[in-house]
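A structural walkthrough
Listed below are the residues making up each chain.
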Amino acid sequence: MNQISQTGAITEGTGRWGAELLAGGGARFRLWTQGENAISLRHRDQDIPMQDVGGGWFEATVAEASAGDQYMFVLPDGKAVPDPASRAQAGNVHGPSLIVDPSYQWQNPRWRGRPWQEAVISEIHIGAFTPEGTFRAAAEKLKHLAETGITAVEVMPVAQFAGNRGWGYDGVLQYAPHSAYGTPADFKAFIDTAHGLGIMVLLDVVYNHFGPEGNYLHSYAPGFFRKDRETPWGAAIDFGQEPVRRFFIENALYWIGEFRLDGLRLDAVEQIHDTSEKHVLSAMAEEVKAAFADRQVHLVVEDQRNLVELLVRDENGAPKAYEAEWNDDFHHVAQIIATGETIGHYKPFADQLWHKLRLALQHGFIYPDRTDPPELPVGDRRYLPPTAFVDFLQNHDQIGNRAFGERLVSLSDPDMLDALTAILLLSPHIPFLFMGEEYGERQPFYFFTDYTGELAKIVREGRMGEAEGFGGLNAGRTAADLPDPNALSTFENSKLGWQWRENEEGRKSLAFVTELLKLRKTYIVPLLRQSWAIESGALEAPEGTLAIWWKFANLTLALRANLSGQGMVLPSVAGTVIYERYGKEAKPAENGALPPHSVVFAIDIEPAN
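Quick summary incoming for the structure in this document. (Residues numbered from 1 in each chain as written. Predicted model: local features only at pLDDT ≥ 70, side-chain atom pairs only at ≥ 80, totals over all residues. Heavy atoms only, no water.)

Bringing the overall build of the protein into the picture now. Within the protein one finds 14 helices and 28 strands. What you see for the protein is a C-alpha radius of gyration of 25 Å, in line with the 25 Å of a compact globule of 609 residues. Principal-axis analysis of the C-alpha atoms places the extent of the protein at approximately 85 × 55 × 45 Å. Counting only residues that meet the buried cut, the protein has 60% of its 609 residues in that class. Pairs at least 24 residues apart make up 72% of the contacts formed inside the protein by residues separated by at least 6 positions. Of the accessible surface of the protein, which amounts to about 23,200 Å², a share of 49% is contributed by carbon and sulfur atoms. The positive charge centre, built from 54 side chains, and the negative charge centre, built from 81, are 3 Å apart in the protein. (Helix = DSSP H or I, 4+ residues; strand = E, 2+ residues; numbered from the N terminus. Rg over C-alpha atoms; globule rule 2.2 N^0.38 Å. Buried < 20%, exposed > 50% of the residue type's maximum accessible area, 1.4 Å probe, protein only. Contact = heavy atoms within 4.5 Å. Areas by Shrake-Rupley, 256 points an atom, 1.4 Å probe, with all protein chains shown as cover. Lys, Arg positive; Asp, Glu negative; His and termini not counted. Charge placed at Lys NZ, Arg CZ, Asp CG, Glu CD.)

Encoded structure:
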């Protein structure tokens, strides 16, 4: 792929996939196929035969080509297809690709990222984040996040997908920012604005499958996919093929390099099946770390297996491959506590509820590798620090896959939600909020797509199955009441109602979160800088309560919380109280009992015992 110098000049790189402008003028085009003996490049209404350069690769260099030109590849049967590594589309996923000049005048060229310990993440969907639904409009809202205390945004997938609206997990052109959101330059401007405000930008990428519409690889490169394995979304990708491995590794390098992203979140890596000597996930992490050794770049995974090996640290505490993982274990326990829902994905977590919450806060995973006990002591080769876990009370899945897209603010007792939020934001794990959560957004977030015909029907009918895993149907509601994912109104009704931030409840919620994040910056982040090897423990406490400590070098952070419905006496805390909240009460009872929904955090210079 092309590399971009600090001045914005184009220099030729070593990537194989995609069209690239050449420093001396013109452009080079490449395509990998299987079993094809002739491929043409359609450029400026001319079909130009491409050269077979071996290994399934076809190339063509066109001296007259320039940025903004449209092109397609023409198969032997006359069918024209877009570039699978298109950097931008002229229109939809079925039409011409565009040659893109990657040069951009960065306003914050010296940005090198932030340490992971400082991460406070807000997940956003570009289309639903603002009324306009564009990169440029989203950039204008970043100041609000920075003022709240957010230090990183995680952008839901932007790779070009079919239609104008969708979550992005059905992308088919992995290198092209979705045209409905804006141009590649618009996305760079969004990232540049974030960096100017001190905000890291992580991009959610999908390397486990392609979407069901607009993926033409099956027609000319069937070996891109395995015949012996399926994912929940179709044929598994064959990472044993070197060109296929390069497609995805180069994609990671492209987003982080050309767009100066601060990291990637890899979706559902349990569906990335690879039997190669070196797994593609390991190879990708190695290349990213080597290519951007002068920057602080963070790789995060979603993995239903909870594989500890993906996250192990070296002797200095640096991640060998991946920095952190989304911690569904913490979420599922917190969801039960907040709502009482125990069906679907939450059912395995319903018994020993409070013990499991303690485990999640102490050790991250309740079920590491889905079989091992969670208590991996400091010094164990597989020990993981709290920063290896991204904890959340809500994300796009947990809200949008519900039958009616409700947020926790509509499902939980307000005092309980405030208590859980305080625990989330002041624990040593990396906290994560879904867009609007910081000001108590009431607008639902639905699952939405832009399909037609049979595919629209399939998606619509599949929503009931998803809803059963995330709380099921409310009493008196039926499948007929579910919002149609393909209706424009479903998308429009998922957009943030920014006006809520300005009313009394919204201002109160925003002030609450902002104050907690100030405390996190003042007290918790310095603790995380002290040591990566952090001991933890729990003191005996009644059901419905927490008495947990984490030891950082010579300082100890203690948590006491009463999430039950009645006053409870817990072990006292020593040292300096940095945060206290006593539910509806102003202070503890005379006997020292914490009222319902109380949370206390304290820091002590003495070791815990």
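Turning our eyes to something else, we now look at the environment of Leu 311. Assignment of secondary structure puts Leu 311 in the loop between strand S20 (298-301) and strand S21 (324-326). Overall, the relative accessible area of 0% leaves Leu 311 in the buried class. The residues contacting Leu 311, other than those within four sequence positions of it, are Val 301, Tyr 322, Glu 323, Ala 324, Glu 325, Phe 365, Leu 384 and Ala 388.

Our next topic: the pairing of strand S18 (residues 234-237). Strand direction decides the pairing type here: strand S17 (residues 225-231) and S18, joined by three bridges, are antiparallel. The residue bridging Glu 230 from the neighbouring strand is Ala 235, located in S18. Counted along the chain from S17 to the antiparallel partner S18, the turn is two residues long. (Pairing = 2+ DSSP bridges.)

With that settled, the discussion passes to the packing of helix H8 (residues 328-339) against helix H9 (residues 353-363). Interaxial distance between H8 and H9 falls to 9 Å at its minimum, and their mutual angle equals 140°. By the criterion of interaxial angle, the relationship of H8 to H9 is oblique. Relative to H9, the crossing made by H8 is left-handed. Here Phe 330, Val 333, Ile 336 and Ile 337 of H8 come into contact with H9, specifically with Leu 353, Trp 354, Lys 356, Leu 357, Ala 360 and Leu 361. Residue composition of the contact of H8 with H9, by class: nine nonpolar, no polar and one charged. (Axes fitted to C-alpha atoms, helices over the stretch in contact; angles between N-to-C directions. Parallel < 35°, antiparallel > 145°, perpendicular 65-115°, else oblique. Left-handed = near helix turned anticlockwise from the far one by under 90°. Nonpolar A, V, L, I, M, F, W, Y, C, P; charged D, E, K, R; others polar.)

Once that is clear, we can look at H9. Summarising burial for H9: 10 of the 11 residues are buried, a large majority. When H9 is considered as a whole, its buried residues turn out to be Leu 353, Trp 354, Lys 356, Leu 357, Arg 358, Leu 359, Ala 360, Leu 361, Gln 362 and His 363. Looking at the packing, one finds that the buried side of H9 touches H8, strand S22 (389-392), helix H11 (414-426), strand S24 (535-538), strand S25 (545-552) and strand S26 (555-562). Positive phi appears at Gly 364, one or two residues downstream of H9, with a value of about 90°.

What follows concerns the packing of helix H6 (residues 242-258) against helix H7 (residues 280-291). Contact pair H6 / H7: the axes reach a minimum separation of 10 Å and the direction vectors enclose 35°. Of the two possible hands of crossing, H6 and H7 adopt the one that is right-handed. On the side of H6, the interface is formed by Arg 245, Arg 246, Phe 248, Ile 249, Ala 252, Leu 253 and Ile 256, while H7 contributes Val 280, Ala 283, Met 284, Glu 287, Val 288 and Ala 291. Residue composition of the contact of H6 with H7, by class: 10 nonpolar, no polar and three charged.

Notably, Arg 44 is not glycine yet its phi reads approximately 50°, a positive angle. On the secondary structure map, Arg 44 appears in the loop between strand S5 (40-43) and strand S6 (46-49). Of note, Arg 260 is a non-glycine position whose phi angle comes to about 55°, a positive value. In this structure, Arg 260 sits in the loop between H6 and strand S19 (263-266). Taking relative accessible area as the criterion, Arg 260 reaches 14% and is therefore assigned buried.

Here five strands make up an open sheet; going across it, the order is S24-S25-S26-S28-S27 and the pairing antiparallel. Each end of this open sheet is capped by a strand with a single partner; those strands are S24 and strand S27 (576-582). Averaged over all pairs of adjacent strands, the angle between their axes in this sheet comes to 10°, without regard to strand direction. Bridging between S25 and S26 involves eight bridges; their strand directions are antiparallel. Bridged to Trp 550 within S26 is Leu 557. Packing against the sheet, H9 makes contact with S24, S25 and S26, and its axis sits at approximately 15° to S25. Against the sheet, H11 touches S25, S26, S27 and strand S28 (598-604), its axis set at about 20° to S28.

Quick look at the environment of Leu 527 now. Its location among the elements puts Leu 527 in helix H14 (residues 504-530). In sequence terms Leu 527 and Lys 278 are 249 residues apart; their C-alpha atoms lie 36 Å from each other. What Leu 527 contacts, discounting residues up to four positions off in sequence, is Phe 552, Leu 555, Leu 557 and Ile 603.

Here strand S23 (residues 430-434) lies mainly inside the structure; five of its five residues are buried. Neither face of S23 is left uncovered, since the one carrying Ile 430, Phe 432 and Phe 434 and the one carrying Pro 431 and Leu 433 both have all their residues buried. Relative to S23, strand S12 (residues 121-124) runs parallel, the two sharing three bridges. Pairing of Ser 122 across the sheet is with Leu 433, part of S23. Here three bridges tie S22 to S23, and the two strands are oriented parallel to one another. Along S23, the bridge assignment pairs Phe 392 with Phe 432.

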